[in-house]
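Chain residues, written in single-letter form:
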Amino acid sequence: MTRNAPPIAIESVGENPTPIWGLSNRERTRRIAAASGLATDVDGGGNGETRVIVHDAFAWDPAWLRHLAANPGLVLTMGRIPALAHVRGEAEAEAVRTSIRSDKPLAAGDMTVLAYENGPTIENKQLRKRETPFLMALFPDTVRRIERASYFGAYKGVTDILTKYLWPEWALVITRICARFGITPNMVTAVGAVLCILATYLFAQGQYWAGMAVGLGFMVLDTVDGKLARCTITSSWWGNVFDHGIDLIHPPFWWWFWATGLVHWGLGLSPEIFESVMIAIIGGYVLQRVIEGVFMRRNHEMHIHVWRRFDSWFRLITARRNPNMVILFVAMLFARPDFGIVGVAWWTVISCAVHAVRLLQAEIVRGRDGRLTSWLSEG
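Residues numbered from 1 in each chain as written. Predicted model: local features only at pLDDT ≥ 70, side-chain atom pairs only at ≥ 80, totals over all residues. Heavy atoms only, no water.

Novice: Please explain the overall build of the chain as it appears in this structure.
Specialist: For the chain, the helix and strand inventory stands at 13 helices and 10 strands. Projected onto the principal axes, the alpha-carbon positions of the chain cover approximately 75 × 55 × 35 Å. Residues classed as buried in the chain amount to 51% of the 379 residues present. For the chain, contacts bridging at least 24 residues in sequence account for 72% of all contacts bridging at least 6. As presented, the chain carries roughly 18,000 Å² of accessible surface, and 63% of it is formed by carbon and sulfur atoms. The averaged location of the 33 negative side-chain charges in the chain is 3 Å from the averaged location of its 38 positive side-chain charges. (Helix = DSSP H or I, 4+ residues; strand = E, 2+ residues; numbered from the N terminus. Buried < 20%, exposed > 50% of the residue type's maximum accessible area, 1.4 Å probe, protein only. Contact = heavy atoms within 4.5 Å. Areas by Shrake-Rupley, 256 points an atom, 1.4 Å probe, with all protein chains shown as cover. Lys, Arg positive; Asp, Glu negative; His and termini not counted. Charge placed at Lys NZ, Arg CZ, Asp CG, Glu CD.)

Here it is, written out as structure tokens:
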């Protein structure tokens, strides 16, 4: 769509009483369309303009709608029946509606058919991954499978090792409970914020095991709020600021008060070492964020973590909150929280150096080839 073009309309065809994440399928479609900047006309009755028609019998990942909206004349099918179709006029629209209502294969004409059974992959730039997003027939006996696919579809493909491998199953249970009882993402974020502050206090008191337990609760809820927002299509500007603001601000406070809490163990750092550790951790944290921002600005908003496969792999362990907590946890197993915070300082310096080198290499490649591309796009 061009900036001045009217929003593409969306039209649902068919009826489906089965809810998903507590929403009717038609309401879910309306929310996804609104979040994607499309004009909703879910009751149908098109007037011939360019529009995306969706089959209400199917549940699908929002990435499909974004992909179809960007590709006029493209139709995604399952069993040769249209699930989503970006039609360019009333003739194509009527052909799609007829196929849906009669449950017969589409007479595609000049439309480009993308058969889901063939496993087509698309890049999801929002979540930094390339995949075949889910598409399933929605019935009462498929709801749990669809919700599971929807939940995991909301995960970033490039993230840290704990978020990617440890949290998902716990967070799925909590996300389902929240959706069932109408708990909003901002409510989850607020509870997480309280736990975050409590963990900071416990670290300052040298109560590291208790602080890590409370911090674990916060870190899991930090995953839940985003997944709940994406699954129930309730993302908001304020929710994004609230969630990411906490994520951005709190880590330096955790590391500072972990270091000051060492006095309760008789392991307090000398003033010189404390200053060096804090400069390394806080300075490195800020510098690493600056490097990431410069990389995005210089490379058309592409994240540094999705340039090459190495960068995506390194994101698993780079010096962010969750990998740093692993370092501290291991140190606590040996009752040496002082070694832990010094280890975080060293790992922050190393990670920052890796990112600085990658930024320099990106500048060299961009100067030679003109533009960088993500390995996800090349998939």
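Structure's up, so let's keep going.
Novice: Teacher, can you tell me more about the environment of Arg 80 here?
Specialist: Tracing the backbone shows Arg 80 in the loop between strand S5 (74-78) and strand S6 (81-87). Looking at Arg 80, the relative accessible area reads 58%, which means it is exposed. In sequence terms Arg 80 and Glu 11 are 69 residues apart; their C-alpha atoms lie 19 Å from each other. Those residues in contact with Arg 80, other than ones at most four positions away along the chain, are Ser 99, Lys 104, Pro 105 and Leu 106.

Novice: Where do I start with the packing of aromatic side chains in this structure?
Specialist: Under the defined criterion, the tally for this structure stands at 18 aromatic pairs. When the centroid spacing of 6.0 Å and the interplanar angle of 35 degrees are considered together, the rings of Phe 310 and Trp 313 count as tilted. Of this pair, Phe 310 and Trp 313 both sit in helix H11 (residues 309-315), 3 residues apart, roughly one helical turn. Looking at Phe 310, the relative accessible area reads 38%, which means it is partly exposed. Seen from their ring centres, Trp 313 and Phe 314 are 6.2 Å apart, and the 45 degrees between their planes marks the pair as tilted. On the accessibility criterion, Phe 314 (6% relative accessible area) is buried. Through successive ring pairs, a cluster of aromatic residues spans Phe 203, Tyr 208, Phe 218, Trp 254, Trp 255, Trp 258 and Trp 265. The ring of Trp 60 has Arg 28 lying over it, and the distance from NZ or CZ to the ring centre is 6.0 Å. Its end group placed over the ring of Phe 339, Arg 336 keeps NZ or CZ at 4.0 Å from the ring centre. (Phe/Tyr/Trp six-rings, centres within 6.5 Å; stacked < 30°, edge-to-face > 60°. Lys NZ or Arg CZ within 6 Å of the ring centre and 35° of its normal.)

Novice: Got a minute to help me understand the UniProt feature "transmembrane region" (unreviewed entry) in the chain in this structure?
Specialist: In this numbering, the UniProt entry assigns the feature "transmembrane region" (unreviewed entry) to residues 183-203 and 273-291. Here residues 183-203 is 90% helix and 0% strand, with 29 Å between the C-alpha atoms at its ends. Structurally, residues 273-291 is divided into 100% helix and 0% strand, and its ends, taken at the C-alpha atoms, are 26 Å apart. (UniProt positions renumbered as here; feature names shortened; annotations may be inferred.)

Novice: It is not clear to me how the pairing of S5 should be interpreted in this structure. Could you clarify?
Specialist: Every other side chain in a regular strand lies on the same face of the sheet, so the side chains alternate between the two faces. Among the 5 residues of S5, 4 are classified as buried, and the element is accordingly described as predominantly covered. In the sheet, S5 pairs with S6 via 4 bridges, with the strands oriented antiparallel. Each residue of the ladder has a partner; that of Val 75, found in S6, is Ala 85. Taken together, S5 and the strand that follows it, S6, pair antiparallel across an intervening segment of 2 residues, in which Gly 79 is found at a positive phi of about 60 degrees. (Pairing = 2+ DSSP bridges.)

Novice: Explain the side chain of Arg 320 to me, please; I cannot follow it from the model alone.
Specialist: Position of Arg 320 among the secondary structure elements: in the loop between H11 and helix H12 (321-333). Here Arg 320 is in contact with Gln 288, Arg 289, Glu 292, His 305 and Arg 315, once residues within four sequence places are set aside.

Novice: Please clarify how unusual backbone geometry should be interpreted in this entry.
Specialist: Across residues other than glycine, the phi torsion is negative in most instances, and most of the peptide bonds are trans. The residue His 300 is not glycine, and still its phi comes out positive at about 55 degrees. Looking at the secondary structure, you find His 300 in the loop between helix H10 (271-298) and H11. The phi angle at Ala 335 is positive, at roughly 55 degrees, despite the residue not being glycine. Within the secondary structure layout, Ala 335 lies in the loop between H12 and helix H13 (337-369).

Novice: Whenever I open this one, the domain arrangement of the chain confuses me. Can you help?
Specialist: It is common to give the size of an interface as the accessible area lost on bringing the parts into contact. By domain assignment, the chain separates into domain 1 (9-124) and domain 2 (155-377). Distance from the C-alpha centre of domain 1 to the C-alpha centre of domain 2: 38 Å. Between domain 1 and domain 2, the contact holds 7 residues from the first and 11 residues from the second. Together domain 1 and domain 2 conceal approximately 740 Å² of surface at their shared face, both sides included; 69% is due to carbon and sulfur atoms. Its largest share of buried area at the contact with domain 2, domain 1 owes to Trp 21, Arg 31 and Glu 123, together 79% of the area lost on that side. Run the count over domain 1 and domain 2 and you get 0 salt bridges. The tally of links between domain 1 and domain 2 comes to 2 residue pairs in polar contact (both at pLDDT 80 or more). Tallied by class, residues from the side of domain 1 that touches domain 2 come to 4 nonpolar, no polar and 3 charged. (Domains from an automatic or database assignment. Buried area = accessible area lost by both parts, 1.4 Å probe. Salt bridge = Lys/Arg side-chain N within 4 Å of Asp/Glu carboxyl O. Polar contact = N/O pair within 3.5 Å; in protein donor to acceptor, adjacent residues only side chain to side chain. Nonpolar A, V, L, I, M, F, W, Y, C, P; charged D, E, K, R; others polar.)

Novice: How should the pattern of salt bridges be read in this particular structure?
Specialist: Opposite charge on two side chains permits pairing when their charged atoms draw close. This structure, assessed with the given rule, holds 16 salt bridges. Between Asp 311 and Arg 358 there is a salt bridge, with the nearest N and O atoms lying 2.7 Å from each other. Of this pair, Asp 311 sits in helix H11 while Arg 358 sits in helix H13, placing them 47 residues apart in sequence. With a shortest N-O distance of 3.0 Å, Arg 366 and Glu 363 are connected by a salt bridge. With a gap of 3 residues between them, Arg 366 and Glu 363 both fall in helix H13, about one helical turn apart. Owing to a relative accessible area of 27%, Glu 363 belongs among the partly exposed residues under this scheme. One connected set of salt bridges, linked through shared partners, spans Glu 11, Arg 51, Glu 90, Glu 94 and Arg 97.

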